[in-house]
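Structural description and commentary
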Amino acid sequence: KNEVEQSPQNLTAQEGEFITINCSYSVGISALHWLQQHPGGGIVSLFMLSSGKKKHGRLIATINIQEKHSSLHITASHPRDSAVYICAVLIKAAGNKLTFGGGTRVLVKP
Amino acid sequence: ETGVTQSPTHLIKTRGQQVTLRCSSQSGHNTVSWYQQALGQGPQFIFQYYREEENGRGNFPPRFSGLQFPNYSSELNVNALELDDSALYLCASSLDGGSGEQYFGPGTRLTVT
């Protein structure tokens, strides 16, 4: 079983819809990252969370440390939001190396 | 843009050859982490360099080695290339051993034939 699980694996939405991506992990972490990867490879860090909630534009990330769960929400989705979204955690027992989920491929149709 | 650069962008090598990939970290960052991302999969941690010393290693064989220079730029070297080494290689720079925000470079796509 992977230490970091994401759901769904794939998601298709219509422009304007609200999107939620979930991430669950099974180990103690010091922080959780949400990353965005567009076709072609480049990864952009969206959020780093250790507690609570963060908002940036139309993106909101939440984390519940007790439940070992985080969500990434996209409000008023747009075709330019189409990308792979990756959850990655810093595992306390493994120093400061990131362990990644499998990613969620999001397609927003106009 | 993050300020993290990688070179080259693309590379084609033959099985058995050796390759060196380069990463320039964001100004002020003293930590560089390297990741391998095979097609359709999530990145896998290779190793991390902090203040010129290796600071953690993932499950990769010794033919994957690295260096970090006094200006905190870094190299990833892979010897005796295998077909399965074909992947996108990403570096990320951060502060203080990787505990903070990670800034990713654009990656080097390596194809081994």
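Our structure's up above, just so we're on the same page.
I will try to describe carefully the structure that is included in this document. (Residues numbered from 1 in each chain as written. Chains lettered and ligands numbered in written order. Predicted model: local features only at pLDDT ≥ 70, side-chain atom pairs only at ≥ 80, totals over all residues. Heavy atoms only, no water.)

**What about the overall build of chain A?**
The condition is simple: Runs of H or I in DSSP of at least four residues are treated as helices and runs of E of at least two as strands, each being numbered from the N terminus. Both definitions apply: the radius of gyration is a C-alpha atom measure, and the globule rule equals 2.2 Å times residues to the power 0.38. Only protein chains enter the accessibility calculation, which uses a 1.4 Å probe; a residue is then buried when its area is under 20% of its type maximum, exposed when over 50%, and partly exposed in between. Contact between two residues is taken to exist if any of their heavy atoms lie within 4.5 Å; hydrogens are not considered. Accessibility throughout is a Shrake-Rupley quantity obtained with a 1.4 Å probe, and a residue counts as covered only by protein chains that appear here. Asp and Glu count as negative and Lys and Arg as positive, but His and the ends of the chain are not part of the count. All charge positions are set by atom: Lys at NZ, Arg at CZ, Asp at CG, Glu at CD.
Summing up its helical and strand segments, chain A has zero helices and 11 strands in all. Order of helices (α) and strands (β) in chain A, N terminus to C terminus: β-β-β-β-β-β-β-β-β-β-β. By the compact-globule yardstick of 13 Å for 110 residues, chain A fits well, its C-alpha radius of gyration being 13 Å. Counting only C-alpha atoms, chain A reaches 45 × 30 × 20 Å along its principal axes. Out of the 110 residues in chain A, the part that is buried amounts to 46%. Within chain A, contacts between residues separated by at least 24 positions form 55% of all contacts whose residues are at least 6 apart in sequence. Counting only carbon and sulfur atoms, one obtains 50% of the accessible surface of chain A, whose full area is about 5,300 Å². Across chain A, the centroid of the 11 positively charged side chains sits 6 Å from that of the 6 negatively charged ones.

**So, the interface of chain B and chain A**
The criterion, for reference: Buried area is a sum: the accessible area each of two parts loses on coming together, probed at 1.4 Å, counted once for each and added. Here a salt bridge means any side-chain nitrogen of Lys or Arg lying within 4 Å of a carboxyl oxygen belonging to Asp or Glu. What qualifies as a polar contact is a pair of N or O atoms within 3.5 Å, subject to a donor-acceptor requirement within protein and to the restriction that residues adjacent in sequence count only when both atoms come from side chains. Residues were grouped as follows: Ala, Val, Leu, Ile, Met, Phe, Trp, Tyr, Cys and Pro as nonpolar; Asp, Glu, Lys and Arg as charged; and all remaining residues, including Gly, as polar.
Taken together, the contacts link 18 residues of chain B with 17 residues of chain A. Each partner contributes to the roughly 1,400 Å² buried at the junction of chain B and chain A, and carbon and sulfur atoms together form 59% of this total. Among the residues chain B hides against chain A, the three largest losses belong to Pro43, Glu101 and Phe104 of chain B. Together they make up 33% of the total. Viewed at the interface, chain A and chain B are joined by zero salt bridges. For the interface between chain B and chain A, the tally reads two residue pairs in polar contact (both at pLDDT 80 or more). Mapped by element, the contributors of at least two residues to the side of chain B that touches chain A are β4 (31-37), β5 (44-50) and β9 (87-94) of chain B. Looking at the side of chain B that touches chain A residue by residue, the class counts come to seven nonpolar, nine polar and two charged.

**Remarks on the side chain of Asp81 of chain A**
Residue placement: Asp81 of chain A occurs in the loop between β8 (69-74) and β9 (83-91). Those residues in contact with Asp81 of chain A, other than ones at most four positions away along the chain, are Gln36, Arg58, Ile74, Val106 and Val108 of chain A.

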